[in-house]
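# Observations on the three-dimensional arrangement
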Amino acid sequence: MALMSGTDVAREITEQTTKRASEFEQRTGRKPCLAAVLVGEDPASVTYVKMKRNRSAKAGIESRFVHLPEQTTTEQLVAEITKLSEDPGVDGILLQHPVPKHIDERAAFEAIAPSKDVDGVTMHSFAAMAFSEPGFASATPGGIMRLLEAYEVDLKGKHAVVVGRSPILGKPVAMLMLAKDATVTICHSKTENLDQIVRTADIVVAAVGKPKFITAIKPGAVVIDAGYNEGNVGDVDFEQLADSASLITPVPGGVGPMTIALLLEQTVSAATRRADLVDVSEVVG
Ligand SMILES: Nc1nc(=O)c2c([nH]1)NC[C@@H]1CN(c3ccc(C(=O)N[C@@H](CCC(=O)O)C(=O)O)cc3)C=[N+]21
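Just so you know, the residues in each chain are numbered from 1, in the order the chain's sequence is written. Given that the model is predicted, a residue must reach a pLDDT of at least 70 before its local features are reported, and side-chain atom pairs must reach 80 or more before they are shown or counted; all residues, however, enter totals for whole chains, interfaces and linings.

Turning our eyes to something else, we now look at the overall build of the chain. Where helices and strands are cited, they refer to DSSP runs of H or I of at least four residues and of E of at least two residues respectively, numbered from the N terminus. Scanning the chain from N- to C-terminus turns up 11 helices and 9 strands. For this measure, only C-alpha atoms enter the radius of gyration; the expected value for a globule follows 2.2 Å times N^0.38, where N is the number of residues. Since a compact globule built from 285 residues should have a radius of gyration of about 19 Å, the 19 Å found for the chain is in line with a globular shape. A principal-axis box enclosing the C-alpha atoms of the chain has dimensions of 55 × 45 × 35 Å. Taken across its 285 residues, the chain has 46% of its residues classed as buried. The contact criterion used is a C-beta to C-beta distance within 7 Å, with each C-beta placed from the backbone. The contacts in the chain between residues at least 6 apart in sequence include a share of 67% that link residues at least 24 apart. Residues with at least 20 other C-beta atoms within 10 Å of their own are called buried, those with 12 or fewer are called exposed, and the rest are partly exposed. The C-beta atoms themselves are positioned from the backbone.

And the structure:
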């Protein structure tokens, strides 16, 4: 078994992002700006948004925080996000999921301008991922793909099993893996014989939100734990699988830091594109 260190790969990506942010500031006289929108006081969400803002600041990205009360209506939230979409000083918009149950989350996500959807949550970004067109990846799926790339996991012809079909995690990561020529199976709460299907996977992506849900794999499989349950517990029973997996992500230190790295990277890309600058790093590679 070998670990896939999201912490290490995220650090490398963010070093590059920091350089690009600084170059953006030199050329435009302002920092790239990410607006983070949080509705309510869910303690986990408060922590995540704080982490994202801290890491933005360290990378030279300005962050704007829009904290709305729990009882905000869909109309009010859509109005706030629309303002940010129209604000020329804002490059990227993150609406922290989940929003309170009375809010139509899809309507809120769709108020994000496609050019500012650095968290990859809109239908526009989903379509771009599904059609392999340029666009923003959903942050966690994009982070997972970069982690697989960093560890040279070739998906071509392999059976990838995604457990979970949420709009910003399971479904888009399945599209991204399909684009890399994996044979993709998506399992969910209604799937029959889920354990057996997981045991046929060369690559397992656990994205169900159930602590230690995945307990058996095919020996040698690559295991990606995208779960973020209370107390930093993943969806994978790490102890149970550590020996039989060829590569496995830890929690913490796996997918989580990659999610934030992608968010920041895409924020600088959005800023660069919006300012109509040629991004030297994209040209030079
Ligand atoms: N619109 C939206 N986009 C998201 O990307 C999004 C979201 N909503 N809602 C919640 C989930 C969760 N999420 C995490 C990000 C980083 C860590 C992370 O970095 N965790 C650290 C540990 C955290 C700690 O030390 O407390 C780690 O895994 O090493 C975890 C979870 C992003 N999410």
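Next, the rest of the story.
With the exception of glycine, most residues fall at negative phi, and the peptide bonds are largely trans. The omega torsion across His97 and Pro98 is 0 degrees, close enough to zero to call that bond cis. By the secondary structure assignment, Pro98 is in the loop between strand S4 (92-95) and helix H4 (105-110). The peptide bond linking Val251 to Pro252 adopts the cis configuration, its omega dihedral lying at 0 degrees. Note that Pro252 resides in the loop between strand S9 (247-248) and helix H10 (255-274). One non-glycine residue, Asn193, lies in the positive phi region at around 55 degrees. Summarising the element assignment, Asn193 is placed in the loop between strand S6 (183-187) and helix H8 (194-198). At Asn232, a residue that is not glycine, the phi angle is positive and equals roughly 55 degrees. Inspection of the secondary structure assignment puts Asn232 in the loop between strand S8 (222-225) and helix H9 (238-241). Given 11 C-beta atoms within a 10 Å radius, Asn232 is considered exposed.

Right, let's talk about the nonpolar core for a bit. By definition, a nonpolar core groups buried Ala, Val, Leu, Ile, Met, Phe, Trp, Tyr and Cys residues that are joined through C-beta atoms within 7 Å. Core analysis: the largest hydrophobic core is formed by 84 residues, its most contacted members being Val204 and Val205. Sorting elements by how many residues they give to this core places H10 first, with 10 residues. For each domain, the first and last residues come from an automatic or database assignment. Counting contributing residues per domain, this core is built from domain 1 (28-117) and domain 2 (139-256), each supplying no fewer than three. In contact with Val205, other than residues within four places in its own chain, are Ile144, Ala160, Val162, Val163, Val173, Ile224 and Ala226.

Per the UniProt entry, the sites bearing "domain: Tetrahydrofolate dehydrogenase/cyclohydrolase NAD(P)-binding" (unreviewed entry) are residues 138-274 in this numbering. In this annotation, residues 138-274 is assigned 37% helix and 15% strand; the end-to-end C-alpha distance for the span is 19 Å. UniProt positions are given in the numbering used here, feature names are shortened, and annotations may be inferred rather than shown by experiment.

Not every one of the 19 residues close to the ligand is listed here, only the nearest: His97, Ala139, Tyr228, Pro252 and Gly256. Put simply, the parts of the chain that give the shell around the ligand at least two residues each are helix H2 (43-58), S4, helix H6 (139-150) and H10. No other element matches H10, which puts 4 residues into the shell around the ligand. Basically, the charged four are Asp, Glu, Lys and Arg, the nonpolar ten are Ala, Val, Leu, Ile, Met, Phe, Trp, Tyr, Cys and Pro, and anything else, Gly included, counts as polar. Here the shell around the ligand is composed, by residue class, of 11 nonpolar, 7 polar and 1 charged. Viewed by domain, the shell around the ligand spans two of them, domain 1 (28-117) and domain 2 (139-256), each represented by three or more residues. Nearness between a residue and a molecule or strand is assessed with a C-beta atom placed from the backbone; a distance within 6 Å qualifies.

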